[in-house]
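# Commentary on secondary and tertiary structure
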Amino acid sequence: MTKFMNNRRDVLRLMGTGSAVMLAGFPTVPAFAAASARSTVVDVVGDAFHINGKLTYPGRVYRGSKIEGLLFTSRMVNCIANDQNPETRGMWAYRDGPWDPERNTNEFIAALPLYRAHGLTSVAFNIQGGSPMGYGWHQPWQMSGYTADGQLLPDYRDRLIRVLDALDAAGMVAILGLFYIAAKPALKDEAAVLRAADEVIDLVCQKGYTHVLIEVGNEVDLAPWAHDIIKPARAHELVSRIQTRSKGKIRNRQGRLQVSTSILWHSQIPAKLLESVDYVLFHGNAMATPDSLRSRAKDIRAMPGYHGQPLLINEDDHFDFEKFDNDLNAAVQEYVGWGYFDYRQITEPFEDGYQSLPVDWGINSARKKGFFNALAEITGTTKA
């Protein structure tokens, strides 16, 4: 198994050499590429993901299960976040200073080569962030990257561009979420939702990004969503709008952005939604056992409207990486990509969690080491 690099010196050593980090199945990509040179292209081909024209992890098999074509991700939803509420902003102070959104983003970017060197194919984040305290409906902080009428805030725009540039240079995919259910300030109406989506999609197209997958909304089947166009019955409208708006503007196989939206309970995904998405996003949080995950993957593939797209769990808070049977291995057995979701609980140290602010973006906790260790083994990752 891969020996982990656990401190800032190792991250900076990787990034400062100027040489490429070799990851099984990926072309060599300099640690720092010019922002205008798009190094990474993601494509959905049949039931698999391709990066730069090749299946991910080509030829890789793990415990008899095919790995090539899968996407592995980590939920790092607050990597461009800020809290604009002065009453809660102080909650996110660092040990050595006040909360700083620029520091947060810079330290995330610095860690990307470390994640990639251990086999991570993508990261998932959201312009409206996600709860910095894990679960809970009472979220008084203000972390949305939009104004109430759907304008993208300038500082969020700048951090978004920096993160997308860094992911592209690192040979990684961005799973870019547009909407989060509890975000404040809330978008005031459907027109604001459409404006926000259009602004982000136009920015991605104008910048020529070819490594971006769109997640319209996070867990759109939760009841409290305020706008029907985000909910499952109408979600296909936003999916189609983004596909159409980006058509002819992205230099990938499809010539447009590849779009989905994520489901939590997934008792029955509407056929129109399954027909429209380029890949199927569902979450593992609500599934009690690895067998539940296996059953859900089979159920989705049998649903009306499903037509052979890749399946990806972009959020799962079940770990047990030391066990032979866990959610990550169950996903692999069903040919489903898997996403690590780790938040710091109130009794846990700073090193834990990639969602709770402030974030230690290193691989410095037992859970983080467990995930990246398992990922390196599954993907057969080697490092230069």
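One structure accompanies this document, and this report is about it. What you are looking at is a predicted structure, and each value in this text was computed from that prediction instead of being measured.

Across the junction of lysine 184 and proline 185, the peptide omega takes the value 0°, indicating a cis bond. With omega at -10°, the peptide bond leading from leucine 357 into proline 358 counts as cis. With respect to the secondary-structure elements, proline 358 resides in the loop between β14 (337–340) and α9 (366–379). The phi dihedral of asparagine 52 is positive, around 55°, even though this residue is not glycine. Relative to the helices and strands, asparagine 52 is located in the loop between β2 (48–51) and β3 (54–55). Taking relative accessible area as the criterion, asparagine 52 reaches 26% and is therefore assigned partly exposed. A positive phi angle, close to 55°, is found at glutamate 219, a residue other than glycine. Mapped onto the elements of the fold, glutamate 219 is located in the loop between β9 (212–217) and α5 (235–246).

Let's shift gears to the nonpolar core. Ranked by size, the top nonpolar core spans 108 residues in total, and within it Phe72, Phe108, Tyr115, Phe125, Phe179, Ile214 and Trp338 carry the most contacts. Ranked by residue count, the leading element in this core is helix α4 (residues 190–206), at 10 residues. In this view, phenylalanine 72 contacts Tyr57, Ile67, Leu120, Thr121, Ser122, Leu328, Val332, Trp338, Leu375, Ile378 and Thr379; residues no more than four positions away in its chain are not counted. Counting 12 residues, the second-largest nonpolar core is a separate cluster that includes Val44, Leu71, Leu213 and Tyr279.

Parameters and conventions
- For every chain, the first residue of its written sequence is number 1, and the numbers climb from 1 along that sequence.
- For a predicted model such as this one, the threshold for reporting local features is a pLDDT of at least 70, and the threshold for listing and counting side-chain atom pairs is 80 or more; totals across whole chains, interfaces and linings nevertheless cover every residue.
- Side-chain numbers come from the whole structure's heavy atoms, not from hydrogens or water.
- Helix and strand assignments come from DSSP, with helices taken as H or I runs of at least 4 residues and strands as E runs of at least 2, each series counted from the N terminus.
- Buried, partly exposed and exposed residues are distinguished by accessible area as a fraction of the type maximum, computed with a 1.4 Å probe on protein chains only: under 20%, between the cut-offs, and over 50%, respectively.
- Here, nonpolar core means buried Ala, Val, Leu, Ile, Met, Phe, Trp, Tyr and Cys residues that are tied together by side-chain atoms lying within 4.5 Å of each other.
- For this analysis, residues touch if any pair of their heavy atoms sits within 4.5 Å.

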